[in-house]
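Coordinates in review
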Amino acid sequence: MRISLQAELGDFQDRHTIYVFALKMSFLAVTLSSVVTTLVLPLLDWIGMLPVPLAHGVVYGVLLSWLIGGAVSSVLSLVAGHAMHQLSVSRAEFEQLSRTDVLSGLLNRRAFTEALEQVDGDACLAIFDVDRFKAINDRFGHASGDAVIVTVSAILAAAFDGHSVAARLGGEEFGVIVVGGSQEQRVERVRSVCDRLAAHPIVTDDCVVALTVSAGIAELEPGRSKEGAYSSADKALYLAKALGRNRVVHENEGLHPGWRRHLPAEAAAARAMNVDCDEARLA
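These lines cover the structure that appears in this document, whether it is placed above or below.

Next up on the list: the overall build of the protein. Regarding its fold elements, the protein presents 9 helices and 7 strands. Residue pairs in contact within the protein that sit at least 24 positions apart in sequence constitute 68% of those at least 6 positions apart. When the accessible surface of the protein is summed, it comes to about 16,100 Å², and 60% of that surface belongs to carbon and sulfur atoms.

The next point concerns the pairing of strand E1 (residues 123–130). Most of E1 is tucked away: 8 of the 8 residues are buried. Side chains of E1 alternate between two faces, with Ala123, Leu125, Ile127 and Asp129 and Cys124, Ala126, Phe128 and Val130 buried alike. One ladder, built from 7 bridges, connects E1 with strand E3 (residues 173–179); its direction is antiparallel. Within the sheet, the bridge partner assigned to Cys124 lies in E3 and is Val178. Note: E1 against strand E6 (residues 213–219), 7 bridges, orientation antiparallel. The residue bridging Phe128 from the neighbouring strand is Ala215, located in E6.

This brings us to a nonpolar patch on the surface. A cluster of nonpolar residues, Val35, Val36, Leu39 and Val40, forms a patch on the protein surface that exposes about 350 Å² of accessible area. You can see Val35 is positioned in helix H2 (residues 15–46).

As a further point, take the packing of helix H6 (residues 142–159) against helix H7 (residues 183–198). Between H6 and H7, the least distance of the axes is 11 Å, while the angle of their chain directions is 145°. Considering only the axes of H6 and H7, their crossing is right-handed. Across from Val152, Ile155, Leu156 and Ala159 in H6, the residues of H7 making contact are Arg189, Val193, Arg196 and Leu197. For the contact of H6 with H7, the class distribution of residues is 6 nonpolar, no polar and 2 charged.

Let us look at the sheet that holds strand E2 (residues 165–170). What the 5 strands build is an open sheet, ordered E2-E3-E1-E6-E7; its pairing is mixed. In this open sheet, the two edge strands, each paired with only one partner strand, are E2 and strand E7 (248–250). Across the sheet, the mean angle from the axis of one strand to that of its neighbour is 20°, orientation sign disregarded. Sheet strands touched by H6: E1, E2 and E3. Its angle to E3, the strand with the most contacts, is close to 0°. Packed on one face of the sheet, H7 meets E1, E3, E6 and E7 and runs near 165° to E6.

Residue position: Arg224 is located in the loop between E6 and helix H8 (226–242). The exposure class assigned to Arg224 is partly exposed, which follows from its relative accessible area of 23%. Leave out the neighbours within four places in its chain, and Arg224 touches Ala218, Glu219, Ala229, Ser232 and Glu251. Here the side chain of Arg224 touches Glu219 through a polar contact of 2.7 Å, landing on its backbone oxygen.

Core analysis: the largest hydrophobic core is formed by 30 residues, its most contacted members being Phe128, Val148, Leu156 and Val190. Taken together, the elements giving at least two residues each to this core come down to E1, helix H5 (133–140), H6, E3, H7, strand E5 (207–209) and E6. The next biggest cluster of nonpolar side chains, apart from the first, holds 16 residues, and it includes Ala115, Leu116, Ala167 and Ala229.

Going through the model one piece at a time under the given rule, you end up with 1 aromatic pair. On the numbers, 6.2 Å between centres and 55° between planes, the contact of Phe128 with Phe160 is tilted. In this pair, Phe128 sits in strand E1 while Phe160 sits in the loop between H6 and E2, placing the two residues 32 residues apart along the sequence. Here the two residues Phe128 and Phe160 agree in accessibility, since each one is buried.

What follows is about the pattern of salt bridges. Using the criterion set out here, one finds 10 salt bridges in the structure. For Glu114, the salt bridge is made with Arg110, and the minimal N-O distance between the two is 3.5 Å. A residue pair is termed a helical-turn pair when its members lie 3 or 4 positions apart in one helix, as Glu114 and Arg110 do in helix H4 (residues 109–117) at 4 residues. With a relative accessible area of 33%, Glu114 lands in the partly exposed category.

What counts as what
Residues numbered from 1 in each chain as written. Predicted model: local features only at pLDDT ≥ 70, side-chain atom pairs only at ≥ 80, totals over all residues. Heavy atoms only, no water. Helix = DSSP H or I, 4+ residues; strand = E, 2+ residues; numbered from the N terminus. Contact = heavy atoms within 4.5 Å. Areas by Shrake-Rupley, 256 points an atom, 1.4 Å probe, with all protein chains shown as cover. Buried < 20%, exposed > 50% of the residue type's maximum accessible area, 1.4 Å probe, protein only. Pairing = 2+ DSSP bridges. Patch = residues over 30% accessible without salt bridge, like charges linked within 9 Å, V, L, I, M, F, W, Y side chains within 5 Å. Salt bridge = Lys/Arg side-chain N within 4 Å of Asp/Glu carboxyl O. Axes fitted to C-alpha atoms, helices over the stretch in contact; angles between N-to-C directions. Left-handed = near helix turned anticlockwise from the far one by under 90°. Nonpolar A, V, L, I, M, F, W, Y, C, P; charged D, E, K, R; others polar. Polar contact = N/O pair within 3.5 Å; in protein donor to acceptor, adjacent residues only side chain to side chain. Core = buried A, V, L, I, M, F, W, Y, C linked by side-chain atoms within 4.5 Å. Phe/Tyr/Trp six-rings, centres within 6.5 Å; stacked < 30°, edge-to-face > 60°.

This is the structure we're talking about:
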């Protein structure tokens, strides 16, 4: 009799599995005990060491195997099952913690990167950044800064549920894989979230913190490297910041000629340097 535990060990978070495991192990133990008893008793009877008739000995031996062996193996199997249950739960909790940002409750950068590698078309990468977050910390304190992170995280999680993935990438920066819809619809979803955050002041420690968020978007097209998409989204976010914050910039928008007169000189120079570097790499 062969009982595979490969699948069961992965399911030991369910207590029902413990009792099924104990029942199987008990049945296996008493069956093996009965087989051994049936094989050993004839040998003892042949050498004259069996104090009762062979038929009675076999009956008594099998009966005791089921009563005593079954009870002992059931208890031991339950103990082992509960130990594996605790191990399985602890492992699941550790895995969850290793993939989750503690403050925000969103995925962390590691888990987000793994999710990003699994995306295949009909999606875009949006990078959000809270505007002037350092000034919020300096003026209202780090407790208020934490409240901002928690609020932004909750709104992102609620707005991008289902197949979309939201994560805190670090500090005041968040990443979202927006899945489904057309490019225009995905961009509109990102803009609506930024508008919602701008209209959602946070009350904490007897003060009201008004915040805005900038975002850069890049398309996750089939065959495109995830590093390239991340770099483009990051550049679009930089441009959104340079243009005055509280706005969303898609990578396809580029630097619109009408924006140049509103762009600070140092930001325009940095943007030109980025373009030159990109052209040099392509060459």
